[in-house]
Amino acid sequence: RQVQERVAAARPADETAAQELAVTLDHLGMQQRVTGDLAGAVRDGRRAVAVHERLAAARPDNQTRQFNVLSSASTLRYALVDEGRTAEALALSRGAAARLDAIVARDSRNAFARRSLGVLLNAYGRDQLAAGDRAGARATFDRSLGIARELLAADAGNAEHRRDAAFALQLR
């Protein structure tokens, strides 16, 4: 991490150096979470999200950058949930869902983005349940199930879509 931090600091306009730093922080956060250093996982997860958000803001039409933000946010969300910080996890999930909604709105045929949104909505719904919002969670799970059903109708042989639909039904 220290090497990537020095390189990124020495070359602030170098997007590759910033991307490498964010990926390193993501991986470090995952390791910290697994080893029980939740405070470190949250700290480095926030930094990774911030770097990815800066890179995504510089190129808002670049889907890879948008998905990098979502990936980092997902890693951070798990650490927040493990630490019992439900309200923060809920806010992070809400923001991630809005980001994915925007991606899907720009390209509604993007099955990967639509599936990602459905999967994310399941996590968001679980966060809503943890926060005591059963009605909100039900609506979110229903939305996730609708996405899974649409994807399954378009590709009935897809095992991921079948699994997503089954999981969404189980959560309802």
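To be clear, the structure that these remarks concern was listed above.
Residues numbered from 1 in each chain as written. Predicted model: local features only at pLDDT ≥ 70, side-chain atom pairs only at ≥ 80, totals over all residues. Heavy atoms only, no water.

1. Some remarks on the overall build of the chain
Point 1. The secondary structure content of the chain amounts to eight helices and zero strands.
Point 2. Shown N-terminal to C-terminal, the secondary structure of the chain runs as helices and strands in the order α-α-α-α-α-α-α-α.
Point 3. For 172 residues, the compact-globule formula gives about 16 Å, and the C-alpha radius of gyration of the chain, at 17 Å, lands near that figure.
Point 4. Its C-alpha atoms put the chain at 50 × 35 × 25 Å along the principal axes.
Point 5. Each of the 172 residues in the chain was classed as buried or not, and the buried ones make up 41%.
Point 6. In the chain, the share of contacts with a sequence separation of at least 24, taken over all contacts with a separation of at least 6, comes to 57%. (Helix = DSSP H or I, 4+ residues; strand = E, 2+ residues; numbered from the N terminus. Rg over C-alpha atoms; globule rule 2.2 N^0.38 Å. Buried < 20%, exposed > 50% of the residue type's maximum accessible area, 1.4 Å probe, protein only. Contact = heavy atoms within 4.5 Å.)

2. Regarding the environment of Ala91
Point 1. Residue placement: Ala91 occurs in helix H5 (residues 86-106).
Point 2. According to the relative accessible area criterion, Ala91 is partly exposed, its value standing at 40%.
Point 3. In this structure the C-alpha to C-alpha distance between Ala91 and Gln128, which are 37 residues apart in sequence, comes to 9.9 Å.

3. Some words on the packing of helix H7 (residues 134-154) against helix H8 (residues 159-171)
Point 1. Running from amino to carboxyl end, H7 crosses H8 at an angle of 155°, the nearest separation of the two axes being 8 Å. With respect to H8, the axis of H7 lies roughly antiparallel. H8 is crossed by H7, and the crossing has left-handed handedness. The residues of H8 that touch H7, namely those facing Phe141, Ser144, Leu145, Ala148, Arg149, Leu151 and Leu152, are His161, Arg162, Asp164, Ala165, Ala168, Leu169 and Leu171.
Point 2. Looking at the contact of H7 with H8, its residues break down into nine nonpolar, two polar and three charged. (Axes fitted to C-alpha atoms, helices over the stretch in contact; angles between N-to-C directions. Parallel < 35°, antiparallel > 145°, perpendicular 65-115°, else oblique. Left-handed = near helix turned anticlockwise from the far one by under 90°. Nonpolar A, V, L, I, M, F, W, Y, C, P; charged D, E, K, R; others polar.)

4. Notes on H8
Point 1. Helix length check: H8 (13 residues) gives 18 Å between terminal C-alpha atoms against 18 Å at 1.5 Å per residue, within 8%.
Point 2. Listed in full, the buried residues belonging to H8 are His161, Asp164, Ala165 and Ala168. Axial view of H8: buried residues confined to an arc of 100°, hence all on one face.
Point 3. Buried residues along H8 sit in contact with helix H6 (111-130) and H7.
Point 4. Capping the start of H8, Asn158 holds a side-chain oxygen 2.8 Å from the backbone nitrogen of Glu160, two or three residues further along. (Expected span 1.5 Å × (residues − 1). Arc of directions from axis to C-beta. Polar contact = N/O pair within 3.5 Å; in protein donor to acceptor, adjacent residues only side chain to side chain.)

5. Re the nonpolar core
Point 1. Counting residues in each nonpolar core, the largest one holds 15 residues, and the members touching the most others are Phe67, Leu70, Leu100, Ile103, Leu117 and Leu121.
Point 2. Here this core gets six residues from one element, more than from any other, and that element is H5.
Point 3. When residues no more than four places from it in sequence are discounted, the contact partners of Leu100 are Phe67, Leu70, Ala113, Ser116, Leu117 and Leu120. (Core = buried A, V, L, I, M, F, W, Y, C linked by side-chain atoms within 4.5 Å.)

6. What about H7?
Point 1. When the terminal C-alpha atoms of H7 are compared, their 30 Å separation across 21 residues agrees well with the 30 Å that a helix rising 1.5 Å per residue should span.
Point 2. Looking only at H7, the buried set comprises Gly136, Ala137, Thr140, Phe141, Ser144, Leu145, Ile147, Ala148 and Leu151.
Point 3. The inward-facing, buried residues of H7 abut H6 and H8.

7. Side note on the packing of aromatic side chains
Point 1. Inspection of every chain in the model, using the stated rule, returns one aromatic pair.
Point 2. Plain terms: the ring middles of Phe67 and Phe112 are 5.0 Å apart, the flat faces sit at 55° to each other, and that makes the pair tilted. Here Phe67 is found in helix H4 (residues 63-82), whereas its partner Phe112 is found in helix H6, with 45 residues between them in sequence.
Point 3. Overall, Phe67 belongs to the buried group, its relative accessible area being 16%.
Point 4. Residue classification places Phe112 among the exposed residues on the basis of a relative accessible area of 54%.
Point 5. The positively charged end of Arg77 is found above the aromatic ring belonging to Tyr78, 5.2 Å away from the centroid. (Phe/Tyr/Trp six-rings, centres within 6.5 Å; stacked < 30°, edge-to-face > 60°. Lys NZ or Arg CZ within 6 Å of the ring centre and 35° of its normal.)

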